[in-house]
Amino acid sequence: MSKITITPLRQQTGVYGTVRAHQPVELDAEQAQQLVKTGRWVKGLTDEAKRLQEGVAQRVADEAAAKVRAEEQAQADAEAARLAEEEKAKADADAAAAAPGKAEAETSGKAKTAKADK
């Protein structure tokens, strides 16, 4: 049993269900030939069916590309946040390293003013 792809020119409703216009269907060769003989079906794909399939393929490709771009953007944002956090930690460490000298100067300054008050 070989299978053949046929495409209806109009929406078709039958015992097995409904087939939309220009939506390809794969059937047994014998059944497909009988349907093609009616004139409401064509063997292979119609131009409209090809266009619809290309549109679907393009949409899928666009969605995949958008997903990749979103992932890249998320990675870039995470990297930027990590760098900002590292710079902040470095600035805090530098400030903490400079703070003991500053704290000693303030303490000695307070001690001198306390002696002067006595």
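The structure presented is a predicted model; accordingly, all values stated were derived computationally and were not measured. (Residues numbered from 1 in each chain as written. Predicted model: local features only at pLDDT ≥ 70, side-chain atom pairs only at ≥ 80, totals over all residues. Heavy atoms only, no water.)

K.L.:
Could you give an account of unusual backbone geometry, with specific residues and numbers?
P.N.:
A positive phi is found at His-22, a non-glycine position, where the angle reads about 65°. Within the fold, His-22 resides in the loop between β3 (17–19) and β4 (25–28). (Helix = DSSP H or I, 4+ residues; strand = E, 2+ residues; numbered from the N terminus.)

K.L.:
How would you summarise the sheet that holds strand β1 (residues 3–8) if you had to cite specific residues and measurements?
P.N.:
With respect to topology, three strands assemble into an open sheet ordered β4-β1-β5, the strand pairing being antiparallel. Of all strands in the sheet, those with a lone pairing partner are β4 and β5 (41–43), marking the two edges. On average, each strand axis in the sheet is tilted by 45° relative to the strand beside it, whichever way the strands run. As paired elements, β1 and β5 share three bridges and run antiparallel to each other. Bridged to Ile-6 within β5 is Lys-43. (Pairing = 2+ DSSP bridges. Axes fitted to C-alpha atoms, helices over the stretch in contact; angles between N-to-C directions.)

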